[in-house]
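If you want the building blocks of each chain, they are given just below.
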Amino acid sequence: KGLSPLMRSKGRTKVKVATLEGPVDVELPKKRTTTVIVNLSARVGSICDNQLGGWISYRMSKSALNQATRTMAIELKRQGTHAIALHPGTTDTGLSKPFQRNVKEGRLFPVEFTVESLIKVVNSMEEENSGGFYDWAGKALPF
């Protein structure tokens, strides 16, 4: 089972995340009262940050997701919902296996680290962050 690309955090207490070792339950913050829609994007979806080219379809899909995130943030603000796009970094999953040899030392993250980091970022988001694009450490990224 997978999670929908648009997951509302309101009402959930934990999520199940697939890892190489098997599923892991991750607790969600209990204090958040605002619903946050989180879209998992990637830095390669940044038009401003594209210095290498390649991966045309993947880049296009992530750029479109970033645009959808910004548009949803504008529309959903009326009901008090925030929307953000997050770049999780290169995470040690099957998806990244073919590219891991090119990842700089210390930049291949365990799944647990990525999930915990992204949840911290989501929990730190305020209204002014809605519609933004952020990495796993909460750093704003250019569109």
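In case you missed it, the structure is sitting above this.
Bear in mind that the values here come from a model prediction, so they are computed numbers and not experimental data.

Visitor: Even after reading the chapter, I still don't get the environment of phenylalanine 109, so can you show me in this structure?
Guide: You can see phenylalanine 109 is positioned in strand S7 (residues 108-109). Classification of phenylalanine 109 as buried rests on a relative accessible area of 8%. Once the C-alpha coordinates of phenylalanine 109 and threonine 90 are considered, the two residues, 19 residues apart in sequence, prove to be 6.1 Å apart. In contact with phenylalanine 109, not counting residues within four places along its chain, are Pro88, Gly89, Thr90, Thr91, Asp92, Thr114 and Trp136.

Visitor: Honestly, the packing of aromatic side chains in this entry has me stumped. Any pointers?
Guide: Each aromatic ring pair is summarised here by two numbers: the centre-to-centre distance and the angle between the ring planes. Taken as a whole and judged by the stated rule, the model has five aromatic pairs. Judged by centre distance (5.8 Å) and plane angle (80°), the rings of tryptophan 55 and tyrosine 58 are edge-to-face. A relative accessible area of 45% means that tryptophan 55 is categorised as partly exposed. In this structure tyrosine 58 comes out as partly exposed when scored by relative accessible area, which is 33%. Note on phenylalanine 133 and phenylalanine 143: the rings are 5.9 Å apart at their centroids and 20° apart in plane angle, and the pair reads as stacked. Of this pair, phenylalanine 133 sits in strand S8 (residues 133-135) while phenylalanine 143 sits in the segment after S8; the two residues are ten residues apart in sequence, bridging distant segments of the chain. Ring pairs connect the aromatic residues Trp55, Tyr58 and Phe99, which therefore count as one cluster.

Rules and cut-offs
- Residues numbered from 1 in each chain as written.
- Predicted model: local features only at pLDDT ≥ 70, side-chain atom pairs only at ≥ 80, totals over all residues.
- Heavy atoms only, no water.
- Helix = DSSP H or I, 4+ residues; strand = E, 2+ residues; numbered from the N terminus.
- Buried < 20%, exposed > 50% of the residue type's maximum accessible area, 1.4 Å probe, protein only.
- Contact = heavy atoms within 4.5 Å.
- Phe/Tyr/Trp six-rings, centres within 6.5 Å; stacked < 30°, edge-to-face > 60°.

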